[in-house]
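Single-letter residue listing:
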Amino acid sequence: MKTFCGRANPTTGALDWVEESEEYDYHQEIARSCYADMLHDHDRNEKYYLGIRAAVARVKARGEKVIILDIGTGTGLLSMMALTAGADFCYAVEVFKPMAEAAQCIVEKNGFSDRIKIINKHSTDVTVGPDGDMQMKANILITELFDTELIGEGALPSYEHAHQNLVQEGCEAVPHRATVYAQLVESELLWSWAQLQPVEVGGARLVPPPAVGHCAGAHSVCDIQLSQVSPKSFTPLGPLCAMFSVDFSRPVSSAFQSHSSQFVAQSSGQAQVVLSWWDLDMDPSGSIVCTMAPSWKYPQPKMAPWRDHWMQSVYFLPVERGVTEGEELNLTVCHDDYSLWYSLQQTTDSQTEALHSRPCCTCQAHLLWTRPRFGELNDRLRTESYLSALRSVLREDSVCLSVSDGSLLPVFAHRLGAKKVLCFEHLCIHLTQSDTTKSKCMLSLIQISVLMGEPYFSTSLLPWHSLFFWYCRTALAGLLQPNATILPCSATLHMVAVEFEDLWRIRAPCGTCEGFDVTPMDEMVQQSLDFHESREAEPHPLWEYPCRALTQSTATMTFDFTQCVPQQPISRKGSVPLIRVGRCHGVALWMEYHLTHDITSSAGLIGPISEQGDCEWVRHRKQGVYFFRSPWESSGDGRAAVSYSFTFEPSLGDIKMDFNDSLPPKP
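Rules used throughout
- Residues numbered from 1 in each chain as written.
- Predicted model: local features only at pLDDT ≥ 70, side-chain atom pairs only at ≥ 80, totals over all residues.
- Heavy atoms only, no water.
- UniProt positions renumbered as here; feature names shortened; annotations may be inferred.
- Helix = DSSP H or I, 4+ residues; strand = E, 2+ residues; numbered from the N terminus.
- Buried < 20%, exposed > 50% of the residue type's maximum accessible area, 1.4 Å probe, protein only.
- Contact = heavy atoms within 4.5 Å.
- Areas by Shrake-Rupley, 256 points an atom, 1.4 Å probe, with all protein chains shown as cover.
- Lys, Arg positive; Asp, Glu negative; His and termini not counted.
- Charge placed at Lys NZ, Arg CZ, Asp CG, Glu CD.
- Expected span 1.5 Å × (residues − 1).
- Arc of directions from axis to C-beta.
- Polar contact = N/O pair within 3.5 Å; in protein donor to acceptor, adjacent residues only side chain to side chain.
- Pairing = 2+ DSSP bridges.
- Axes fitted to C-alpha atoms, helices over the stretch in contact; angles between N-to-C directions.
- Core = buried A, V, L, I, M, F, W, Y, C linked by side-chain atoms within 4.5 Å.
- Disulfide = S-S within 2.5 Å.
- Salt bridge = Lys/Arg side-chain N within 4 Å of Asp/Glu carboxyl O.

The protein appears in an unreviewed UniProt entry as Protein arginine N-methyltransferase from Scophthalmus maximus. According to the UniProt record, the Catalytic activity (unreviewed entry) comment for the protein reads "L-arginyl-[protein] + S-adenosyl-L-methionine = N(omega)-methyl-L-arginyl-[protein] + S-adenosyl-L-homocysteine + H(+)". The heading Sequence similarities (unreviewed entry) in the UniProt record of the protein holds the text "Belongs to the class I-like SAM-binding methyltransferase superfamily. Protein arginine N-methyltransferase family. PRMT7 subfamily."

Okay, here's the thing in structure tokens:
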């Protein structure tokens with residue numbers, strides 16, 4: 001069955017009606033899921049297996065029949081581990097129907113279908129009794145309900161309900177306990193993601209409005225690969241604190257709670273950011289530990305396990321405050337049933353309800369701008385590039401129109417002496433529609449001499465979605481002076497073939513996991529990729545995911561913003577030699593914007609590729625990644641190459657792409 005779906009096209013600005021299968025959303029979720037990442041996480045799997053064996057042994061030692069409740073079973077892996085460890089029966093709960101169906105296939109394929117019952121429900125809907133989903137309550141509770149923030153996927157309500165309704169009193173739990181850790185730090189880099197900083201323009205220091213500067217910001221967690229943030233980028237102001245623990249073998253409450261840790265400041269500085277992660281104790285003694293600590297907390301960082309389904313958390317304090325070495329401080333974490341937030345007090349401060357209230361954005365900026373967007377606006381080098389470009393094109397009589405979301409370019413242009421500055425943000429989407437007569441009439445008496453954009457649009461996901469600027473420029477063509485300046489004047493799509501250190505795991509098939517055949521899951525994911533997305537790139541912030549370049553960086557397509565969007569497709573083909581030894585997992589793609597003929601702003605690589613192929617990526621934009629179905633081996637002699645084909649479809653605003661390995665002819 002097919003259905004028509006209305007979608008706002010992020011590149012053209014048009015509302016497209018697309019015919020999709022009724023299963024489209026399912027396939028989207030499966031194709032972009034992290035199931036493979038979890039199954040490739042050997043450290044996680046091993047620790048769970050050890051914890052399950054120990055729990056089963058403890059129950060058997062009491063002479064009891066071992067009944068397992070596995071909430072969020074996914075592939076059924078943990079249930080199969082439990083049966084292999086000696087459990088008698090497993091109730092495996094999975095709410096996502098396609099995953100539950102895959103789990104059924106997997107347990108059948110591995111010969112466990114007679115002792116594992118897959119229940120396709122939310123755990124809070126599961127019933128117990130002769131006519132229920134479970135014949136009896138379980139005496140071992142196994143779960144994997146966690147996210148980077150530990151409780152963000154509803155772990156606490158699920159545990160609360162399970163203890164009240166689904167498991168026996170005094171049950172064993174795997175994991176047995178979770179502990180949340182936090183460390184107070186000063187970090188100019190990380191704080192730049194939270195608050196707009198002052199900027200020097202035309203000899204004046206521009207300070208954010210008080211409503212923005214004094215705003216507590218959004219409380220939501222910023223989850224990142226903290227291993228990629230160098231310890232040189234922050235100064236610890238206090239020790240690593242164990243903030244609170246949750247014992248999953250006992251009744252759990254999802255009600256509001258607060259926990260505090262007192263310590264003496266280790267150094268003076270600005271208290272701005274809290275770095276946080278958690279550990280899982282798989283057994284009561286704490287001898288089997290699965291930690292989310294970043295790699296720089298390990299004696300040998302290279303030995304740290306990599307995982308993308310659980311990362312580390314960055315929390316921004318509602319207001320930065322100076323602390324002095326030796327000062328006694330009190331760090332407080334509060335949580336409800338789904339989220340955490342932090343506050344800092346001196347130990348002499350009186351405790352008030354205000355300390356426990358959830359931070360809330362009152363300036364609207366934190367609701368409109370993402371954390372990377374704040375970082376981009378605070379990037380001094382990037383800002384200076386745009387200021388230099390504006391200085392070179394502005395005149396006393398310049399009439400400027402800015403087309404970007406949440407941009408500071410209008411402020412810069414005004415401070416640099418432009419006669420008049422106009423600004424369109426998301427409203428410019430209407431300029432590409434047929435009912436824009438009134439909007440255009442507002443500008444009909446104005447002739448624009450400088451059309452400028454970063455470009456940045458909040459609806460952009462992939463690098464080329466910012467070509468929306470080109471469509472806006474085309475719609476505004478009648479309002480531009482004949483010699484109008486377009487800034488940027490053009491953009492170039494770049495590519496480089498890469499070997500990922502770890503990111504390849506999220507798309508690699510698993511086959512066998514810890515001795516169990518999980519190929520039905522591989523097949524399910526591949527079918528969903530083939531359904532719609534096998535020939536598409538996906539967005540990733542590559543600064544968080546190290547990779548080596550196996551080819552040179554190559555400019556593949558140029559988009560001339562001084563001209564209107566063409567009617568006909570633009571196609572480019574070529575090849576890039578593989579010049580380094582490695583496994584080529586795919587291609588990284590990004591845009592570079594030519595502000596003027598000699599000033600360029602990159603949304604991808606921000607420095608030359610090293611001799612070994614190491615890449616440094618901009619932190620504020622996501623790049624596109626096109627994964628090959630299977631990796632290509634590169635001998636590095638330059639005889640083999642990556643052949644590419646790009647076609648920009650103006651009517652769709654999309655770039656179709658294809659890649660092949662060009663091998664040298666056999667002698």
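Draft legend 1. Fine view of the overall build of the protein. Counting secondary structure elements, the protein contains 16 helices and 35 strands. By its C-alpha atoms, the protein is 90 × 75 × 50 Å across when sized along the principal axes. In the protein, buried positions account for 55% of the 667 residues. For the protein, contacts bridging at least 24 residues in sequence account for 77% of all contacts bridging at least 6. Approximately 28900 Å² of the protein is accessible, and the part contributed by carbon and sulfur atoms is 51%. The protein carries 52 positive and 78 negative side-chain charges, and their two centres are separated by 4 Å.

Draft legend 2. Expanded view of helix H12 (residues 380–393). The terminal C-alpha atoms of H12 lie 20 Å apart, and with 14 residues this matches the ideal 20 Å at 1.5 Å per residue to within 8%. Listing the buried residues of H12 in full gives Arg382, Thr383, Tyr386, Leu387, Ala389, Leu390 and Val393. Angular distribution of buried residues about the axis of H12 spans 165°; they occupy a single face of the element. Along H12, exposed side chains directed more than 90 degrees from the buried face belong to Arg380 and Leu381. One side-chain oxygen at the N-terminal end of H12 lies 3.1 Å from the backbone nitrogen of Leu381; it belongs to Asp379.

Draft legend 3. Up close: the sheet that holds strand E14 (residues 257–264). The strand order E14-E18-E19 describes an open sheet built from 3 strands, whose pairing is antiparallel. Of all the strands in the sheet, just E14 and strand E19 (340–346) have a single pairing partner and so form its edges. Taking each pair of neighbouring strands and ignoring which way they run, the sheet shows an average axis angle of 20°. Of the pairings in the sheet, the one linking strand E18 (residues 328–335) to E19 comprises 7 bridges and is antiparallel in character. Residue pairing in the sheet places Val333 in a bridge with Tyr342 of E19.

Draft legend 4. Region of interest: unusual backbone geometry. With an omega of 0°, the peptide bond running from Val174 to Pro175 counts as cis. Inspection of the secondary structure puts Pro175 in the loop between strand E7 (167–174) and strand E8 (177–186). The backbone of Leu150 sits at a positive phi, close to 80°, despite the residue not being glycine. Note that Leu150 resides in the loop between strand E6 (138–143) and helix H6 (155–165). For Glu514, which is not glycine, the phi dihedral falls at a positive 55°.

Draft legend 5. How the structure looks around the nonpolar core. Ranked by size, the top nonpolar core spans 130 residues in total, and within it Leu69, Phe146, Tyr342 and Trp617 carry the most contacts. Considering each element in turn, this core owes the most residues, 7 residues, to strand E15 (residues 269–281). When near neighbours in sequence (up to four residues on either side) are disregarded, Phe146 contacts Tyr48, Glu153, Ala155, Tyr159, Pro175, Phe248, Trp278, Leu280 and Trp310. Counting 79 residues, the second-largest nonpolar core is a separate cluster that includes Cys400, Leu493, Met495 and Val576.

Draft legend 6. The arrangement of the state of the cysteines in detail. Taken as a whole and assessed by the stated rule, the structure comprises 0 disulfides. A disulfide-free cysteine, Cys171 has its sulfur positioned 14 Å from the sulfur of Cys90, the nearest such atom. A residue is classified by how much of its surface remains accessible, and Cys171, at 4% relative accessible area, is buried. Among the cysteines around Cys547, which has no disulfide bond, Cys615 carries the closest sulfur, lying 4.5 Å off. A relative accessible area of 7% means that Cys547 is categorised as buried.

Draft legend 7. Layout of the pattern of salt bridges. Scanning the model with the defined rule gives 25 salt bridges in all. Of the charged contacts in the structure, one is a salt bridge between Glu172 and Arg58, with a shortest N-O distance of 2.9 Å. Remark: Arg58 occurs in helix H3 (residues 42–61) and Glu172 occurs in strand E7; sequence separation between them is 114 residues. A relative accessible area of 10% means that Glu172 is categorised as buried. By relative accessible area, which is 24% here, Arg58 ends up partly exposed. With a shortest N-O distance of 2.8 Å, Arg380 and Glu188 are connected by a salt bridge.

Draft legend 8. Representation of the UniProt feature "domain: Protein arginine N-methyltransferase" (unreviewed entry) in the protein. UniProt's entry tags residues 176–346 and 490–651 with the feature "domain: Protein arginine N-methyltransferase" (unreviewed entry), counted in the numbering of this structure. The span residues 176–346 is 5% helical and 46% strand by assignment, and the distance between its end C-alpha atoms comes to 34 Å.

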